[in-house]
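What the coordinates show
Here's the letter readout for the chains.
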Amino acid sequence: MKIIAIDSSGLVATVALATEETVIAEYTVNYKKTHSQTLLPMLDEIKKMTELDLAQIDAIAIASGPGSFTGLRIGSATAKGLGLALKKPLIEVPTVDAMAMNLWGTKDIVCPIMDARRNQVYTGIYEFGADDDLVRIHEQFADDIGVVTGMINDIGRPVIFLGDGVPVYKEAITEAISVPYRFAPPHMSRQRAGALAYLAARYYSEGRTVSAADHKPDYLRVSQAERERAAAEGKSENVTTSEKIG
Amino acid sequence: MSEVKILAIESSCDETAAAVVADGRRVLSNIIYSQIDLHTIYGGVVPEIASRKHIEKINPVIEAALEESGCTLSDIDAVAVTYGPGLVGPLLVGVAEAKAIAFAAGLPLIGVHHIHGHICANYLENPELKPPFMSLVVSGGHTHLVNVSDYGTYEVLGRTRDDAAGEAFDKVARAIGLGYPGGPKIDAAAKRGDPEAIEFPKAKVGDSEYDFSFSGLKSAVLNYLNHAEMKGESVNPDDLAASFQKAVVDVLCEHAQTAVREYKVKDFALAGGVASNSALRKSMKEMCEKENVRFYCPSPVFCTDNAAMIGVAAYHEYIRGNFANWSLNAIPNLKM
């Protein structure tokens, strides 16, 4: 079983070719060029380097959100195009879950944070269970960094932070945290398509796929225009995209 | 030689569109999903909402275009996509999708300029139309007077210095309470009104005989409304719509006429969303008759944003071997 895995949700663009057993290739770039320019050339390079016959691909894994709205759509449209042309399903993997996999095996709790602007982060709180499975203590969500550190303090266990939100919120975390904490080193601290592919392979074996046509990103947030409109009408902000756009 | 079939994708604004076009002339399918209802409550296109809808609709639209054309990807010779100008979020969806399809299907990729597409829409229903000809592209985002000297060769003679003509329609329609989108609403109201009722200034751009400016006209309309309100006078919206529309149409026609004479062309092609405006069509046709120039204008379905026109423009790039590589990016302010 072969998977192409794609994550362009944050500052990093990352693409992998993997089976259940092996990461055949992984290409990760943390550079200022836009994902739109880098993603396909990276996949093309992997294809050439590994002499990949695209007909052998069984599914395309995609970091399905949250993340930069534009970044998510570049990844999603790429995955949807591949799925359409290859007639293969997609595997949606929550962005923050895949990031947590970077720290597989730790006994500490794991807290990936992505800068979500508006003074917020996209995050989730995880641990690795008795059988080393990824367990969600708090499913991925968007909130103020202070709320996140408060939740971790309540759990009361040592924590490791990672993600592109760390440089932005390091000071705020250091000030607010009351449990032992560490920050992941650079090679573990950003989205890695290899980790995404590992989770995706497990989803695939459980039949958790979607059609390329049905896939859309899970933004965790409505658009600014909808938010302002809802506020003007006195409605709660917590309306889902599907309810609003329909 | 068998026909060249191009799968074309267009997502530069609020239409998700895909088409299959053979040899740059024959439309095998032309699927358009319009989001206009989503944006009407906001009084204009909201880029983030448009982008989100594009990602939901793009695969079904492309699949429908392939199915209706009776083609599979193995029958297709190239994948084409609009890469600018337009809204960056919407453009990126089409560009990323087109690149992935071309890559996975082992097909060449062609990046198409949206305005070239609008002009090329004229080839679809007029097999006799060949360059050289003069073209005027008028839409919500663009007002370009273009000399088409050969297939794929475009010389911009004039463009708007501020608002696009279609933008002025939207803003005036909003000011007189006609709603969004302004073009068809003004067109309908103008049919009931007197175009001579109010004399609005014709915008002149001092240093160019071909450039346009519509923000002054728009301000004149808004001032007129303000003055009337202050004096407690009522304004007939139909008369105002008709007079405003005439001011726009007159200046478009005058510039087109100057260009047609100066360049001694025998054919003139109107294009873009505002080319559906009935008064503009009528005046341009009359101008062309007077100048003894053949007049062309696409059917409304090819005036609005569509992918068939992108497939036509792409064909001429295909013939010239002008292909894009995998780093093709969306360029929202792509120059011509």
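The rules we used
Residues numbered from 1 in each chain as written. Chains lettered and ligands numbered in written order. Predicted model: local features only at pLDDT ≥ 70, side-chain atom pairs only at ≥ 80, totals over all residues. Helix = DSSP H or I, 4+ residues; strand = E, 2+ residues; numbered from the N terminus. Rg over C-alpha atoms; globule rule 2.2 N^0.38 Å. Buried ≥ 20, exposed ≤ 12 C-beta atoms within 10 Å, placed from the backbone. Contact = placed C-beta atoms within 7 Å. Domains from an automatic or database assignment. Pairing = 2+ DSSP bridges. Axes fitted to C-alpha atoms, helices over the stretch in contact; angles between N-to-C directions. Nonpolar A, V, L, I, M, F, W, Y, C, P; charged D, E, K, R; others polar. Expected span 1.5 Å × (residues − 1).

Considering the overall build of chain B
Scanning chain B from terminus to terminus reveals eleven helices and ten strands. Taking 20 Å as the expected radius of gyration for a compact globule of 336 residues, we find that chain B reaches 20 Å, a close match to that expectation. For chain B, the spread of C-alpha atoms along the three principal axes comes to 65 × 45 × 30 Å. Taking all 336 residues of chain B together, the buried fraction comes to 57%.

So, the overall build of chain A
Each helix and strand counted, chain A has eight helices and ten strands in total. For 246 residues, the compact-globule formula gives about 18 Å, and the C-alpha radius of gyration of chain A, at 18 Å, lands near that figure. With the principal axes as the frame, chain A shows a C-alpha extent of 50 × 45 × 35 Å. Of the contacts formed within chain A by residues at least 6 apart in sequence, a portion of 70% connects residues at least 24 apart.

A look at the domain arrangement of chain A
All names here are of chain A. Annotation of chain A at the domain level lists domain 1 (3-95 + 191-229) and domain 2 (106-188). A straight line from the C-alpha centre of domain 1 to that of domain 2 covers 23 Å. Each side of the interface is counted separately: domain 1 has seven residues, and domain 2 has six residues.

Description of unusual backbone geometry
The amide bond that connects A:G65 to the next residue, A:P66, takes the cis arrangement and shows omega of 5°. Note that A:P66 resides in the loop between β4 (59-63) and α2 (69-86). In the segment running from B:P131 into B:P132, the intervening peptide bond is cis, with an omega of 5°. Relative to the assigned elements, B:P132 resides in the loop between α4 (114-125) and β6 (133-138). The phi angle at A:R118 is positive, at roughly 45°, despite the residue not being glycine. Topologically, A:R118 is positioned in the loop between β6 (109-115) and β7 (120-128).

Thoughts on the sheet that holds strand β4 (residues 78-84) of chain B
Strand pairing within a sheet occurs via backbone hydrogen bonds; the two strands may be parallel or antiparallel. Residue and element names in this part refer to chain B. With mixed pairing, the five strands of this open sheet are ordered in space as β3-β2-β1-β4-β5. The strands lining the two open edges of the sheet, one partner per strand, are β3 (26-34) and β5 (109-113). Along the sheet, successive strands turn relative to each other by an average axial angle of 20°, direction set aside. In this structure, β4 lies alongside β5, joined through five bridges in parallel fashion. Paired with G84 across the two strands is H113, which belongs to β5. Against the sheet, helix α3 (residues 88-105) touches β1 (5-10), β4 and β5, its axis set at about 160° to β4.

Considering the interface of chain B and chain A
Between chain B and chain A, the contact holds 33 residues from the first and 30 residues from the second. For the side of chain B that touches chain A, the elements supplying multiple residues, two or more each, are α2 (47-69) and α3 of chain B. Looking at the side of chain B that touches chain A element by element, the count peaks at 13 residues for α3(B). Its residues placed into classes, the side of chain B that touches chain A shows 21 nonpolar, five polar and seven charged.

Structural notes on the domain arrangement of chain B
Residues and elements named next belong to chain B. Domain annotation for chain B reports domain 1 (5-120 + 303-319) and domain 2 (131-298). Facing 13 residues of domain 1, the contacting portion of domain 2 comprises 21 residues. For the side of domain 1 that touches domain 2, the secondary structure elements donating two or more residues are α1 (36-40), α4 and α11 (308-319). Take the side of domain 1 that touches domain 2: its biggest share by element is four residues, from α4. Class assignment of the residues belonging to the side of domain 1 that touches domain 2 gives a composition of four nonpolar, seven polar and two charged.

Some thoughts on the pairing of strand β8 (residues 153-159) of chain B
Residues and elements named next belong to chain B. The sheet contact formed by strand β7 (residues 143-150) and β8 spans six bridges and is antiparallel. Residue V148 lies in a different strand from β8, and its bridge partner there is Y154. Connecting β7 to the next strand, β8, in antiparallel fashion are two residues, including G152 with a positive phi near 80°.

Digging into the environment of B:G43
All names here are of chain B. Following the sequence through the fold, G43 ends up in the loop between α1 and α2. Between the C-alpha atom of G43 and that of G321, which follows or precedes it by 278 residues, the distance is 42 Å. When residues no more than four places from it in sequence are discounted, the contact partners of G43 are R174 and Y180.

Re helix α6 (residues 193-205) of chain A
Along an α-helix, residues three or four apart share an orientation, since each turn contains 3.6 residues. All names here are of chain A. With 13 residues, α6 extends 18 Å from end C-alpha to end C-alpha; this agrees with the ideal 18 Å at 1.5 Å per step. Listed in full, the buried residues belonging to α6 are A193, G194, A195, L196, A197, Y198, L199, A200 and A201. Those residues of α6 that are buried lie in contact with β1 (3-7), β2 (13-18), β3 (23-29), β4, β5 (90-93) and α3 (95-100).

Digging into the pairing of strand β2 (residues 15-22) of chain B
Residue and element names in this part refer to chain B. In terms of residue burial, β2 counts as a mostly covered element, since seven of its eight residues are buried. Both β1 and β2 contribute to a ladder of six bridges, which runs antiparallel. The partner of K5 across the bridge, within β2, is A22. As consecutive antiparallel partners, β1 and β2 are separated by four residues. Following β2, the chain reverses through three residues before pairing antiparallel with β3; D23 in that reversal takes a positive phi of roughly 50°.

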